[in-house]
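# Notes for the structure review
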Amino acid sequence: MERPELGYLLTRLLRVVIAREEPILAAAGLVMWDYAVLSALGEQDAPTQAQLAAATGRDKTRLIGNLDRLVELGLVQRAPDPADRRNRVVSLTAEGRQVLTTCQAGIAAMERELLGDLPADERAAFERALTALDTSRG
């Protein structure tokens, strides 16, 4: 075989990416799952916590701890759903949107550095291929 299996290569790359993302998130007072929640809410409000759990891949019972922490930090809010007051709509606050934007900028800079040794055309092809293979988007 000319190269190791994809799982092996992707796992090694993922470990490097996570190790480089963690200090960026920690500077904002976040852990990885907090960032996953903020990222999902950056795309759209979550009409229910169950839908937010599905969007992030986080177990519903574990998501509550992340939400409690993010509410305490003032980054997200829960409000009664006008269509069904038994549900709570979860959304970013203005501060949460700013923290998300700051983290995204830091992560983008880290990614540029990480991929900086690749020629621009190869980097773009790599990013397109990962995006095309991302089965979580549809």
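In this report, the structure presented in the accompanying data block is examined. (Residues numbered from 1 in each chain as written. Predicted model: local features only at pLDDT ≥ 70, side-chain atom pairs only at ≥ 80, totals over all residues. Heavy atoms only, no water.)

When two helices pack together, you describe them by how their axes are tilted relative to each other and by the distance separating the axes. The interhelical angle for the contact between helix 3 (residues 49–56) and helix 4 (residues 60–72), taken along N-to-C directions, is 100°, at an axis separation of 10 Å. Between helix 3 and helix 4, the interaxial angle falls into the category roughly perpendicular. Residues Gln49, Ala50, Leu52 and Ala53 of helix 3 form the contact with helix 4, whose participating residues are Lys60, Leu63, Ile64 and Leu67. The class makeup of the residues in the contact of helix 3 with helix 4 is six nonpolar, one polar and one charged. (Axes fitted to C-alpha atoms, helices over the stretch in contact; angles between N-to-C directions. Helix = DSSP H or I, 4+ residues; strand = E, 2+ residues; numbered from the N terminus. Parallel < 35°, antiparallel > 145°, perpendicular 65-115°, else oblique. Contact = heavy atoms within 4.5 Å. Nonpolar A, V, L, I, M, F, W, Y, C, P; charged D, E, K, R; others polar.)

It is worth spelling out helix 3 at this point. Where helix 3 is concerned, the buried positions are Leu52, Ala53 and Thr56. Viewed along the axis of helix 3, the buried residues span an arc of 100°, placing them on a single side of the element. Opposite the buried face of helix 3, at more than 90 degrees from it, the exposed residues are Ala54 and Ala55. Structurally, helix 3 contributes buried residues whose contacts are with helix 2 (32–43), helix 4 and strand 2 (84–92). Looking at the residues trailing helix 3, positive phi occurs at glycine 57, about 75°. (Buried < 20%, exposed > 50% of the residue type's maximum accessible area, 1.4 Å probe, protein only. Arc of directions from axis to C-beta.)

For the rest of this paragraph, the subject is the pattern of salt bridges. Within this structure, the stated rule accounts for three salt bridges. For aspartate 68, the salt bridge identified is with arginine 78, shortest N-O distance 2.9 Å. Taken together, the residues span a long stretch of sequence, with aspartate 68 in helix 4 and arginine 78 in strand 1 (residues 76–81) at a distance of 10 residues. Its relative accessible area of 40% is what places aspartate 68 among the partly exposed residues. Accessibility expressed as a relative area gives 30% for arginine 78, which makes it partly exposed. For arginine 86, the salt bridge goes to aspartate 84, with nearest N and O atoms at 2.9 Å. With a relative accessible area of 73%, arginine 86 lands in the exposed category. Classification of aspartate 84 by relative accessible area gives partly exposed; the value is 22%. (Salt bridge = Lys/Arg side-chain N within 4 Å of Asp/Glu carboxyl O.)

Note that all results are geometric; they support no functional claim without further evidence.
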